[in-house]
Amino acid sequence: VQLQASGGGLVQAGDSLRLSCAASGFTFSDYGMGWFRQTTGKEREFVAAISWSGGRLGYADSVKGRFTISRDNAKNAVYLQMNSLKPEDTAAYYCAADSDSGDNYYTIEGWFDYWGQGTRVTVSS
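Residues numbered from 1 in each chain as written. Predicted model: local features only at pLDDT ≥ 70, side-chain atom pairs only at ≥ 80, totals over all residues. Heavy atoms only, no water.

Draft legend 1. Region of interest: the sheet that holds strand E3 (residues 17-24). On the basis of which strands lie adjacent, the open sheet formed by 4 strands has the order E1-E3-E8-E7 and antiparallel pairing. Taken across any chain shown, the strands that pair with only one partner, and hence form the sheet edges, are strand E1 (2-6) and strand E7 (67-72). Sheet twist, expressed as the mean angle between neighbouring strand axes with direction ignored, is 15°. Where E3 meets strand E8 (residues 77-82), 6 bridges bridge the pair, whose relative direction is antiparallel. Pairing of serine 20 across the sheet is with tyrosine 79, part of E8. (Pairing = 2+ DSSP bridges. Helix = DSSP H or I, 4+ residues; strand = E, 2+ residues; numbered from the N terminus. Axes fitted to C-alpha atoms, helices over the stretch in contact; angles between N-to-C directions.)

Below, the structure is given as structure tokens:
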């Protein structure tokens, strides 16, 4: 099983980034997917999640209206479009997969089965 996150970088406040997560080694279309982020010295926090069908989406209040999660089951990939970035969005971003949320989504870190290695996003003011 592998989750490969990419797309991070250094941007200015107000800019946009699109993160991608390529999945392999499991039946991607059977899994709910999520994005989490972590800054140094803090716990990993939920950012966004999407059900296996893409029909149910969830967001943290801090990113609602700015970030959009999507998935392409044909490409085994999940994306996070991040607009109007703020310095407080600076973090390492991780994608994760869960096997039993059904056509729903989880927001709890411990309920995800697989994790990617993270991609770093830095937003300067």
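Draft legend 2. Just the nonpolar core, in detail. Within the largest apolar cluster, 35 residues are counted, with the highest numbers of intra-cluster contacts made by Trp35, Leu80, Met82 and Tyr93. Secondary structure elements with two or more residues in this core: E1, E3, strand E4 (32-38), strand E5 (45-50), E7, E8, strand E9 (91-98) and strand E11 (119-124). In contact with leucine 80, other than residues within four places in its own chain, are Leu17, Arg18, Leu19, Trp35, Val47, Ala48, Phe67, Thr68, Ile69 and Tyr93. (Core = buried A, V, L, I, M, F, W, Y, C linked by side-chain atoms within 4.5 Å. Buried < 20%, exposed > 50% of the residue type's maximum accessible area, 1.4 Å probe, protein only. Contact = heavy atoms within 4.5 Å.)

Draft legend 3. Inspection of the state of the cysteines at higher detail. For the structure shown, the criterion picks out 1 disulfide. For cysteine 21, the disulfide goes to cysteine 95, at an S-S distance of 2.0 Å. With the S-S dihedral at roughly 60°, the linkage between cysteine 21 and cysteine 95 falls on the right-handed side. One end of the pair, cysteine 21, is in strand E3; the other, cysteine 95, is in strand E9, and 74 residues separate them in sequence. Exposure class is identical for cysteine 21 and cysteine 95. Each is buried. (Disulfide = S-S within 2.5 Å.)

Draft legend 4. Representation of the side chain of arginine 66. You can see arginine 66 is positioned in the loop between strand E6 (57-59) and E7. A polar side-chain atom of arginine 66 sits 2.9 Å from the main-chain carbonyl oxygen of serine 62. In this structure, arginine 66 is in contact with Gln81, Met82, Asn83, Ser84, Leu85, Lys86 and Asp89, ignoring residues within four places of it in sequence. (Polar contact = N/O pair within 3.5 Å; in protein donor to acceptor, adjacent residues only side chain to side chain.)

Draft legend 5. Fine view of unusual backbone geometry. The residue asparagine 76 is not glycine, and still its phi comes out positive at about 55°. When you line up the elements, asparagine 76 lands in the loop between E7 and E8. Accessibility expressed as a relative area gives 28% for asparagine 76, which makes it partly exposed. In this structure, serine 84 takes a positive phi of about 50° despite not being glycine. Structurally, serine 84 is set in the loop between E8 and E9.

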